[in-house]
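# Report on the structure
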Number of protein chains: 2
Amino acid sequence: MNDYSTRLHTAMQAKRTAALVGLDPRESSLPAEFARILQDHPGDRFERRARAYEEFSRRIIDVVAPFVAAVKPQIAFFEDCGPAGMLAVRNVMQHARDAGLIVIADAKRGDIGTTAEAYASAWLAGSDPSAAPYPADSLTVSPYLGSDTLTPFVDAAIQRGAGLYVLVRTSNPGSGSFQGLVANDRAVCDHVAAEVERLNQSTRGNGSYGSVGAVVGATHPLELRRLRQVMPTTPLLVPGYGAQGGTAADIRPAFDGQGLGVLVNSSRNVIFAHLRPPYSEVAESRGWEAAVEAAARDFASEFPVPAA
Amino acid sequence: MNDYSTRLHTAMQAKRTAALVGLDPRESSLPAEFARILQDHPGDRFERRARAYEEFSRRIIDVVAPFVAAVKPQIAFFEDCGPAGMLAVRNVMQHARDAGLIVIADAKRGDIGTTAEAYASAWLAGSDPSAAPYPADSLTVSPYLGSDTLTPFVDAAIQRGAGLYVLVRTSNPGSGSFQGLVANDRAVCDHVAAEVERLNQSTRGNGSYGSVGAVVGATHPLELRRLRQVMPTTPLLVPGYGAQGGTAADIRPAFDGQGLGVLVNSSRNVIFAHLRPPYSEVAESRGWEAAVEAAARDFASEFPVPAA
């Protein structure tokens, strides 16, 4: 019960959705009321931005918590606020856990040996939020350095009841430049996928899924189908839905018969719903949080999960 | 004069060495006097560790600054101290810049689009330390997500007079698992290298080198020679010397006729010199900083650069 995939799937069944909201705050897209914090809050420009991102993210969490199982803070935007941003994202992550949400730190970390251990120790709190300085349930990691550099993350995930999502096939237009190179009749991303499935097996226990997941973009639907076959017991995190062009139909083949095994991410289409129709009209009449609520509710209903 | 490779090579000629000291603090290897900070400093265990790492790193910088041109803080170890660790590493980086050193943030960041822009904005201060929340001259980045994800880093590097080191062939034993896969008669790392050289050309100006560098481990001497040929104008950052098994003879072919174009990293063999002969004897008689000084001096003399 304390392993990551059990906690994740229990949460998805409780909320009845595979929807995941990405917390990607950007100064230029924040609702108008945040101009006050950005201009008047004490501190330098980095500290003011950190304060605005924390407040915005907390309020997003309060609005979306009834509708989704998980949130994914994008660490880069907080890192660009300096040390104050890291305090902000830690507080945001704790707030999300207090709201009963699964927290995926999207940091795409990766390094060798004891350095990988340090990253794992920093981010993988897992079942006990106080086990790490940043209270994430799971972490995105990059595989380029090699399979031996993933092992310290897997070991830490097992020890702490945490999860991983290894980058396999990313959603950006140029993701094929190295991931798509073909070696021994298989794309590089397929080699990575096979290794992820192998590592995942060591974390499976009695469950259908293990705790070593994979990132596969919705923008490559054929690859998504193929890679799901290479990784049948691996939880998937699927970015690229909506704003980047992936559709619900592109993603459906990756789910299992219970509607599980996949989390679908949407970031700006939910958190900045006030900027686009039809939600911009909701924002005009009832405020930006009402727009976020409507967008989160619609997004969640796109990817229904039957109750347990 | 404000571009990264000019600043770097000027500093190497001034110090007459290609040696680079990695700042990889680890609680279990700190000199005995730091036990006091780790036990008694105010704050939680993460804040105490951050304080110890900052103090240790500052004193390392004070000792090695006369002998080397650059230092490379390993961000993972500071990240594992939570937000206090990020404040510590910012202070350490500023202290190094105040000491006239080139600062390479070893963070191995990488992401897509505007997220990559945020990482670049966070770390690439370049010629003006106040331009970013973390005052690094250059940053290590991971290429797995694709060539289009390197472009925002290159654009920021050009704009800020900063540098990059893209992971090409890393020093760990398992680095071949994906980097060594052969596609179209070339290893994946050679494909990455060709792309790095191409991106680097756009930053070259009139200099021999550009500001987009590459990480190639000393533990793969044949690859190092071959990759230098693929990347003739790319500054190299070479880890794996010493503790990991690479020798000075393995690295020499990567240098140009002026002894430039390569920085060689050593971390624990210098900063934890008090733990190994012959420097442990120096530490016993004259203290740990004398051991670091002796190790740094010896290391610097292994990779001499003629004066300009």
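Residues numbered from 1 in each chain as written. Chains lettered and ligands numbered in written order. Predicted model: local features only at pLDDT ≥ 70, side-chain atom pairs only at ≥ 80, totals over all residues. Heavy atoms only, no water.

Moving on, we get to the pattern of salt bridges. Residues and elements named next belong to chain A. A complete count under the given rule lists 36 salt bridges over all chains for this structure. Arg59 is paired through a salt bridge with Glu289; the nearest N and O atoms lie 3.0 Å apart. On the criterion of sequence distance, the pair formed by Arg59 in helix 3 (residues 45–64) and Glu289 in helix 14 (residues 288–302) is long-range, its members being 230 residues apart. Residue classification places Glu289 among the partly exposed residues on the basis of a relative accessible area of 27%. The salt bridge involving Glu293 is made with Arg297; its shortest N-O contact spans 3.0 Å. (Salt bridge = Lys/Arg side-chain N within 4 Å of Asp/Glu carboxyl O. Helix = DSSP H or I, 4+ residues; strand = E, 2+ residues; numbered from the N terminus. Buried < 20%, exposed > 50% of the residue type's maximum accessible area, 1.4 Å probe, protein only.)

Next up on the list: the relation of the copies chain A and chain B. Superposition record for chain A on chain B: RMSD 0.0 Å, screw rotation 180 degrees, translation along axis 0.0 Å. Given the turn and translation reported, the copies of this chain are related as if by a two-fold rotation axis. Using C-alpha coordinates, one finds that chain A approaches the rotation axis most closely at A:Ala183, a distance of 2.3 Å. In this assembly, 100% of the residues forming the interface of chain A have copies in chain B that are likewise at the interface, indicating an isologous arrangement. (Least-squares fit on C-alpha atoms with pLDDT ≥ 70 in both. Contact = heavy atoms within 4.5 Å.)

Another point: the sheet that holds strand 4 (residues 138–141) of chain A. Residues and elements named next belong to chain A. Taken together, eight strands build a closed barrel; the order of strands is 1-2-3-4-5-8-9-10 and the barrel is parallel. Neighbouring strand axes in the sheet, compared pairwise and without regard to direction, differ in orientation by 30 degrees on average. Taken strand by strand, helix 5 (residues 83–98) contacts strand 1 (19–23), strand 2 (70–73) and strand 3 (102–109), and its axis lies near 150 degrees from that of strand 3. (Pairing = 2+ DSSP bridges. Axes fitted to C-alpha atoms, helices over the stretch in contact; angles between N-to-C directions.)

To continue, consider the packing of aromatic side chains. Two numbers describe a pair of aromatic rings. These are the distance of the centres and the angle of the planes. By the definition in use, this model includes 22 aromatic pairs over all chains. Both rings, one in A:Tyr241 and one in A:Phe299, keep their centres 5.8 Å apart while their planes meet at 20 degrees; by these two values the pair is stacked. In this pair, A:Tyr241 is assigned in the loop between strand 9 (236–238) and helix 11 (248–251) and A:Phe299 in helix 14, connecting sequence segments 58 residues apart. The two residues A:Tyr241 and A:Phe299 agree in class, both being buried. Taking 6.1 Å as the distance between ring centres and 80 degrees as the angle between the ring planes, the aromatic pair formed by B:Phe299 and B:Phe303 counts as edge-to-face. Summarising the burial analysis for this pair, B:Phe299 and B:Phe303 share the class buried. Through pairs of rings, three or more aromatic residues link up here, namely A:Phe34, A:Phe56, A:Phe272 and A:Trp288. (Phe/Tyr/Trp six-rings, centres within 6.5 Å; stacked < 30°, edge-to-face > 60°.)

This part is about the interface of chain A and chain B. Tallying the contact residues gives 63 residues for chain A and 63 residues for chain B. Between chain A and chain B, roughly 4,800 Å² of surface is buried when both sides are summed, and carbon and sulfur atoms account for 60% of that area. Among the residues of chain A in contact with chain B, A:Pro83, A:Tyr144 and A:Phe178 are the three that bury the most area, contributing 18% of the side total. Two residues, B:Lys108 and A:Asp111, come together in a salt bridge whose shortest N-O distance is 2.8 Å. Where chain A packs against chain B, one counts 30 residue pairs in polar contact (both at pLDDT 80 or more). In terms of residue class, the side of chain A that touches chain B is made up of 31 nonpolar, 21 polar and 11 charged. (Buried area = accessible area lost by both parts, 1.4 Å probe. Polar contact = N/O pair within 3.5 Å; in protein donor to acceptor, adjacent residues only side chain to side chain. Nonpolar A, V, L, I, M, F, W, Y, C, P; charged D, E, K, R; others polar.)

A separate point is the UniProt feature "active site" (unreviewed entry) in chain A. In this structure's numbering, the residues bearing the UniProt feature "active site" (unreviewed entry) are A:Lys108. Summarising the element assignment, A:Lys108 is placed in strand 3. Dropping the residues within four chain positions of it, A:Lys108 is found in contact with A:Gln74, A:Thr140, A:Val141, A:Ser142, A:Leu167, B:Lys108, B:Gly110, B:Asp111 and B:Leu145. (UniProt positions renumbered as here; feature names shortened; annotations may be inferred.)

Bringing helix 13 (residues 279–286) of chain B into the picture now. Counting along an α-helix, one turn takes 3.6 residues, and residues three or four places apart therefore face a common direction. Residues and elements named next belong to chain B. Every buried residue belonging to helix 13 is among Tyr279, Ser280, Val282 and Ala283, and all of these are buried. In an axial view of helix 13, the angular spread of the buried residues amounts to 155 degrees, which keeps them on one side of the axis. Of the exposed residues in helix 13, the ones pointing more than 90 degrees away from its buried face are Glu281, Glu284 and Ser285. Contacts from the buried residues of helix 13 go to helix 14 (288–302). Gly287 lies just past helix 13 and shows a positive phi near 95 degrees. (Arc of directions from axis to C-beta.)

Those residues carrying the UniProt feature "domain: Orotidine 5'-phosphate decarboxylase" (unreviewed entry) are residues 18–286 of chain A in this numbering. Within residues 18–286 of chain A, the helical portion is 42% and the strand portion 17%, while the C-alpha atoms at the span's ends are 27 Å from each other.

Moving on: the pairing of strand 10 (residues 262–266) of chain B. Within a regular beta strand, the side chains point alternately toward one face of the sheet and then the other, so they alternate between its two faces. All names here are of chain B. Across the five residues of strand 10, five count as buried, placing the element largely inside the fold. Every second residue of strand 10 is oriented toward a common face, with Val262, Val264 and Ser266 on one face and Leu263 and Asn265 on the other, all of them buried. Both strand 1 (residues 19–23) and strand 10 contribute to a ladder of three bridges, which runs parallel. Bridge assignment links Val21 to a residue of strand 10, and that residue is Ser266.

In this section: helix 1 (residues 4–15) of chain A. All names here are of chain A. Its 12 residues place the ends of helix 1 17 Å apart at the C-alpha level, agreeing with the 16 Å of an ideal helix rising 1.5 Å per residue. Here helix 1 has its buried residues at Tyr4, Ser5, Arg7, Leu8, His9, Ala11, Met12 and Gln13. On its buried face, helix 1 is in contact with helix 5, strand 3, strand 4, strand 5 (163–169) and strand 10 (262–266). The first or second residue beyond helix 1 is Arg16, which carries a positive phi of 60 degrees. (Expected span 1.5 Å × (residues − 1).)

Residue and element names in this part refer to chain B. Counting buried positions along strand 8 (residues 212–216) gives five out of five residues, so the element sits mostly inside the fold. Alternating positions in strand 8 separate into two faces, Val212, Ala214 and Val216 on one and Gly213 and Val215 on the other, with burial throughout. Pairing between strand 5 (residues 163–169) and strand 8: five bridges, direction parallel. Note that in strand 8 the partner of Leu164 across the bridge is Val212. Of the strand pairs in this sheet, strand 8 and strand 9 (residues 236–238) are connected by two bridges, and their pairing is parallel. Note on strand 9: the bridge partner recorded for Ala214 is Leu236. At this point the chain moves from strand 8, through helix 10 (residues 221–230), to the parallel strand 9, and the crossover so formed is right-handed. (Right-handed = clockwise from strand over helix to strand, strands pointing away.)

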